[in-house]
Structure formats: structure tokens, C-alpha cells
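Survey of secondary and tertiary structure
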Amino acid sequence: KHSNSKILVAYFSATGTTARAAEKLGAAVGGDLYPIAPAQPYTSADLDWNNKRSRSSVEMNDPKMRPAIKSKKENIGTYDVVFIGYPIWWDLAPRIINTFIESHSLKGKTVVPFATSGGSSIGNSATVLKKTYPDLVDVLAQPTNRQASMQRQRSNAMVFFMKRDPPYKTVRDG
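This write-up is about the structure you can find in this document. Since we're looking at a predicted model, the values are computed, not measured.

Next up on the list: the side chain of S121. With respect to the element layout, S121 can be found in the loop between β4 (110-116) and α4 (123-132). A distance of 3.0 Å separates a polar side-chain atom of S121 from the backbone nitrogen of G123.

Have a look at this one:
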């Protein structure tokens, strides 16, 4: 647990996998949970990545797409650390994560991405978030190469990264 830091664990979960990971992370770090809910929930057909016309495919093929979220997190300014969780889609964070970041003031906060995936590492999605939001470049935590490598080797395990005094503390979902 971050000493004396107020922690938010915000997450988007399409199927419940990331929600379960967020609950475990929240319990481990003593953070408040906040589901990033889409204004229009995703259906199974929406999530069919094999269908190029499915909602998820259309969203991920348009970098400017910003799916609406159900509501903004109130009082986000009271948090020092914000974990942002998501499933890896097309080796990226789903576009709704962009919506969340763009609709909340995160400047000056420690922002830590975490992700669920059947086989992809968090590395590319975190790198793209850093490039997309350069104002967060100094506070967006990212896994080290060793940790990213460990993630690839343990694709069935969840790896969370928590920014502390270097190096990162790694907590595995067992």
C-alpha cells in the first residue's frame, strides 16, 4: 500500500475479467474501485473481434473514436495515485480508456496502467498511452523490460505494476 496516498483503481471490463483483477488490486493497495462503464454496454456481438464491422473492431480501427462513458468519477482530484485497468484489445487500451483519461484531470497524479490479456503484454498499450498523453509522460508508470518479459512468459497470470521509489513493486494475481 502506498503510504499516505489516496488510491483509485479505475477499470474498464467488457467480460468481467478486468473487474476481478481490479478488485484484487484494490484490495492489495487499499484503493477505491471505479468501473469505467460505457454509456451503451457492449454485447457479445459488439466484442466479436473476428467481425470487422463489430463495434469493438470499428472503435479500435479509428484512433479518434471516443466511446461515451456512463458517468465521470467525481472528486478525482482527491486521489494521488490512479490505476487504470483494461483488457488488451488489438495490442492497445480500448478507446473508452482514452475517453476516461480525456474527461478527467490526471495531471500531477501517479497514473499506473494495468491490463488483462490472454497473451499480449501491457508494453505497447502503455507506450501508446504515454505518446497520446504527453502531459502524463512524467507520471505514467510503465513496466520495466524485465517485468514486460515476465508478463509475456506468464500470459495466464495478472501482473500489476505499482509505482514506488524505483524499482516497481510487482504483485502477482495467484
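There is more to say, and it comes next.
Every buried residue of α4 is listed here: G123, S125, A126 and L129. Buried residues in α4 make contact with β3 (81-87), α3 (95-102) and β4.

This next bit is on the sheet that holds strand β2 (residues 32-35). Two strands in a sheet stick together by hydrogen bonds in their backbones, pointing the same way (parallel) or opposite ways (antiparallel). Ordered in space as β2-β1-β3-β4, the four strands form an open sheet in which the pairing is parallel. In this open sheet, the two strands that pair with only one neighbour each are β2 and β4. Sheet twist, expressed as the average angle between the axes of neighbouring strands with direction ignored, equals 20 degrees. In this sheet, β4 lies alongside β3 in parallel orientation, the contact comprising seven bridges. Bridging across to β4, Y86 finds its partner in A115. Where helix α1 (residues 17-29) meets the sheet, it contacts β1 (7-11), β2, β3 and β4, and its direction lies at approximately 175 degrees from that of β1.

Okay, the packing of aromatic side chains next. The tally for this structure, following the rule as stated, stands at six aromatic pairs. The interplanar angle of 85 degrees and the centroid separation of 5.7 Å between the aromatic rings of F12 and W89 together place this pair among those described as edge-to-face. Placement of F12 in the loop between β1 and α1 and of W89 in the loop between β3 and α3 is noted, with a sequence separation of 77 residues between them. F12 sits in the buried class, given a relative accessible area of 1%. Between Y42 and W89, the aromatic rings sit 5.6 Å apart at their centres with planes inclined by 85 degrees, giving edge-to-face as the arrangement. Taken together, the residues span a long stretch of sequence, with Y42 in the loop between β2 and α2 (55-60) and W89 in the loop between β3 and α3 at a distance of 47 residues. On the basis of relative accessible area, Y42 is assigned to the buried category, the value being 13%. A relative accessible area of 10% means that W89 is categorised as buried. A network of ring pairs unites the aromatic residues F12, Y42, W89 and W90 as a single cluster.

Criteria and cut-off values
Residues numbered from 1 in each chain as written. Predicted model: local features only at pLDDT ≥ 70, side-chain atom pairs only at ≥ 80, totals over all residues. Heavy atoms only, no water. Helix = DSSP H or I, 4+ residues; strand = E, 2+ residues; numbered from the N terminus. Polar contact = N/O pair within 3.5 Å; in protein donor to acceptor, adjacent residues only side chain to side chain. Buried < 20%, exposed > 50% of the residue type's maximum accessible area, 1.4 Å probe, protein only. Contact = heavy atoms within 4.5 Å. Pairing = 2+ DSSP bridges. Axes fitted to C-alpha atoms, helices over the stretch in contact; angles between N-to-C directions. Phe/Tyr/Trp six-rings, centres within 6.5 Å; stacked < 30°, edge-to-face > 60°.

Function cannot be read off these values alone, since they describe shape.
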